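Coordinate inspection notes
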Amino acid sequence: MNVVEGNGARIPAIGLGTWELRGRTCARIVEQALRLGYRHIDTAEIYDNEREVGEGLRASGIKRDDVFVTTKVWTTHFMAKDLERAAKESLARLRLTEVDLLLLHWPNPQVPLAETLGALARVRQAGLARHIGVSNFNAALIEEAGATCPEPLACDQVEYHPYLDQADVIEACRRHGMAFVAYSPIAKGRVKGDRALARIGDRYRKTAAQVCLRWLVQQNVSAIPRTSKLERLQENIDIFDFELSVDDMREISAIGSADAR
Ligand code: NDP
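As a starting point, this report considers the structure included with it. What you are looking at is a predicted structure, and each value in this text was computed from that prediction instead of being measured.

What counts and what doesn't
Sequence order as written defines the numbering, with residues in each chain counted from 1. Given that the model is predicted, a residue must reach a pLDDT of at least 70 before its local features are reported, and side-chain atom pairs must reach 80 or more before they are shown or counted; all residues, however, enter totals for whole chains, interfaces and linings. Computation of side-chain values: all heavy atoms of the structure, hydrogens and water removed. Only runs of H or I of at least four residues qualify as helices and only runs of E of at least two qualify as strands under DSSP, and these elements are numbered from the N terminus. Contacts are assigned to residue pairs that have any heavy atoms within 4.5 Å of one another. Only one rule defines a salt bridge in this text: a Lys or Arg side-chain nitrogen within 4 Å of an Asp or Glu carboxyl oxygen. For each residue, the accessible area found with a 1.4 Å probe, counting protein chains only, is set against the maximum for its type, and the residue is called buried under 20%, exposed over 50%, and partly exposed in between. The near set for a molecule or strand comprises every residue that places at least one heavy atom within 4 Å of it. We call two N or O atoms a polar contact when they sit within 3.5 Å, provided that within protein one can donate a hydrogen and the other can accept it, with sequence-adjacent residues counted only if both atoms are side-chain atoms. The nonpolar class holds Ala, Val, Leu, Ile, Met, Phe, Trp, Tyr, Cys and Pro. Asp, Glu, Lys and Arg form the charged class, and all remaining residues, Gly among them, are polar.

With respect to the helices and strands, the residue S135 is situated in strand 7 (residues 129–135). Other than its neighbours up to four places away in sequence, S135 contacts L103, L104, H105, W106, P107, D156, Q157 and Y183.

Written as structure tokens, this is what we have:
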């Protein structure tokens, strides 16, 4: 599996998003994804599915150390007195002793960033998370976090797809050695109807979704598409046997600006 590096973390280039996956469906999709070769599962305290993600992990039979598990602390637990407890509760639901990556889910201006980052760093130092990072941080917040956090930040997880330009955030991540992880990488399914992506895909015998995911990975971005359907699990990871040309990459990057006009 290709990986994207961020301050020592090696994040698989394709992961499974699990937002809105619940109950049996969630456990079954996680299990199947791991059997198909996915090695990164993205969950969060607020998704209310960490238990099922853990079940799927165990049912897959894949060794714990071979899977990269990300979870996120919700904004109501950003005070120093709450953060470690929230992390421990996530671990208890997942039935893991540590996660690979623990993220601050969204910025919370109500709590000083230095306080939250200090607490997040202590969670790493206590061995509860191999790596720590942030999510939904803009370029200015990355600068602030990069300068403040006592431990290196592995990544920023942000919405990114051809209809949303994130060049400044990607640039800020690179300046701080952080990986960029794209959420909603297929624009919540919107790319399926995109004629330009489909036309490019025809040349490679790939779907519009596969072209979109390949476009992300070729930018050294990690992507975490979600699906509740087994056949799409396979489709979304089957992107490592072709390479988009420089012209195709450029054309896809221009979709967003054409879209904004
Ligand atoms: P995605 O861009 O992954 O799109 C998911 C939607 O696309 C679903 O409706 C799915 O439907 C459909 N889909 C999946 N694969 C295909 C395909 N090959 N062709 C056509 N349609 C497809 O959206 P998400 O918003 O879920 O983002 C992915 C993950 O990112 C989340 O699950 C979550 O883990 C994370 N995330 C993080 C956030 C944050 O604040 N940090 C915020 C939002 C998401 P179906 O199930 O029917 O296949």
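The next subject is the pattern of salt bridges. According to the stated counting rule, one finds 21 salt bridges in the structure shown. Measuring nitrogen to oxygen at the nearest pair gives 2.7 Å for the salt bridge that ties E50 to R93. Here the residue E50 occupies a position in helix 2 (residues 50–60), and R93 occupies one in helix 3 (residues 80–94), the gap between them amounting to 43 residues. With a shortest N-O distance of 2.9 Å, R64 and D100 are connected by a salt bridge. You can see R64 sitting in the loop between helix 2 and strand 5 (68–73) and its partner D100 sitting in strand 6 (residues 99–104), a full 36 residues away along the chain. Overlapping salt bridges bring together R64, D65, E98, D100 and R130 as one network.

This brings us to unusual backbone geometry. Despite not being glycine, N136 has its phi angle at roughly 65°, a positive value. As for its position among the elements, N136 is in the loop between strand 7 and helix 5 (139–148).

To continue, consider the environment of V217. Structurally, V217 is set in helix 8 (residues 208–217). You can call V217 buried: its relative accessible area is 11%. When the C-alpha atoms of V217 and A182 are compared, they prove to be 9.6 Å apart, with 35 residues separating the residues in sequence.

Turning our eyes to something else, we now look at the site of the ligand. Around the ligand there are 29 residues in total, and D42, R226, T227, S228 and K229 lie nearest to it. Within the backbone of P185, an N or O atom sits 3.3 Å from an oxygen atom of the ligand. Measuring from an oxygen atom of the ligand, one finds a backbone N or O atom of I186 at 3.1 Å. Take the shell around the ligand: its biggest share by element is three residues, from helix 9 (residues 230–237). Looking at the shell around the ligand residue by residue, the class counts come to 10 nonpolar, 11 polar and eight charged.

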